[in-house]
Amino acid sequence: DKCEWVQAWNILAAIANRQVSLRRNEPEPITYTVTWGKRVMEVSPDELYSYPALRRRAFRTWNILIIPQSMGPKEWDNALRKLLSRTEITSEPNKSNAQAILDALEDFSKHGDAKSLFDLNRHSFTKENKSFFKLSSFEKFLFGRSDSRFYYQRHLASRDKIVSALRSVGGKEGWIHIAKKDVQSTGRESVRVWSVPEDFNKNNGQSEFNQEIPELDDDAEPDDAPAVVF
């Protein structure tokens, strides 16, 4: 069996030789983009200011070990001061949290189409010009992206704020049955999902989509849910 060695990079030498660059991304939430050669990663201010945290993040993102293994606070402060002195600052229009949630949902809907009940734990699916998804699955996607403002500040996308954003574009919650092809749903495999118009992010919910198959009902019981055939 082949053994694949993890690379070790000396960050002090890289900073001294200007091989590492830093970009500060504004406005809030502020993040930093660290570029080392062809490798790029997004870090929070806390990860940047803490050398152990930065080493852990580099290992997870780049699969490299930053050396030295340990560094005194003053030594890292001096190295970081050099890096910050040539930091580029970029500023983009501050997008609302609600719109950022909807943009993430649009990306989530393009992430893959569910083909089974199990797939709903990771993907959405589209039927009759509507996108259906489990809220818990979307939350995992929303908080799991390192380039998202919510990766570091989950309180900006609490459950009630996500629900409010979904309802603002015509989102509805209800039960559906998952049925196999050409087989009538028995009602045994019901799941709670959200639906939004397929083009929800293009016209702020003013969509001319088919409301008939299926239509979710917030107050419906699982046994009354419409059947969806994969």
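Residues numbered from 1 in each chain as written. Predicted model: local features only at pLDDT ≥ 70, side-chain atom pairs only at ≥ 80, totals over all residues. Heavy atoms only, no water.

Draft legend 1. Looking closely at the pattern of salt bridges. Per the stated rule, a full pass over the model turns up five salt bridges. Of the charged contacts, one joins E47 and R57 as a salt bridge, the two residues approaching to 3.0 Å between their closest N and O atoms. Of the two residues, E47 sits in helix α2 (residues 45–49) while R57 sits in helix α3 (residues 51–62), which places them ten residues apart along the sequence. Just as E47 is buried, R57 falls in that class too. Linked through salt bridges whose partners overlap, the residues forming this network are E47, R57 and R60. (Salt bridge = Lys/Arg side-chain N within 4 Å of Asp/Glu carboxyl O. Helix = DSSP H or I, 4+ residues; strand = E, 2+ residues; numbered from the N terminus. Buried < 20%, exposed > 50% of the residue type's maximum accessible area, 1.4 Å probe, protein only.)

Draft legend 2. How the structure looks around the packing of helix α6 (residues 135–144) against helix α7 (residues 159–167). Between α6 and α7, whose axes approach to 12 Å, the crossing angle comes to 105 degrees. The angle between the axes of α6 and α7 places the two elements in the roughly perpendicular class. Contacts between α6 and α7 involve L135, F138, E139 and L142 from the former and R159, I162, V163 and L166 from the latter. The class makeup of the residues in the contact of α6 with α7 is six nonpolar, no polar and two charged. (Axes fitted to C-alpha atoms, helices over the stretch in contact; angles between N-to-C directions. Parallel < 35°, antiparallel > 145°, perpendicular 65-115°, else oblique. Contact = heavy atoms within 4.5 Å. Nonpolar A, V, L, I, M, F, W, Y, C, P; charged D, E, K, R; others polar.)

Draft legend 3. Quick look at the side chain of S124. Along the chain, the position of S124 falls in the loop between α5 (97–109) and β7 (125–127). Exposure remark for S124: the relative accessible area of 1% places this residue in the buried category. Those residues in contact with S124 that lie beyond four places of it in its chain are F108, S109, G112, D113, A114, F132 and F133.

Draft legend 4. Region of the structure containing the packing of α5 against α6. Following both chains from N to C, one finds α5 and α6 inclined at 105 degrees, their axes separated by 10 Å at the closest point. Judged on the interaxial angle alone, α6 and α5 are roughly perpendicular. Contacts between α5 and α6 pair I101, A104, L105, D107 and F108 from the former with S137, F138, F141 and L142 from the latter. Partitioning the contact of α5 with α6 into residue classes produces seven nonpolar, one polar and one charged.

Nothing here speaks to function; it is all geometry.
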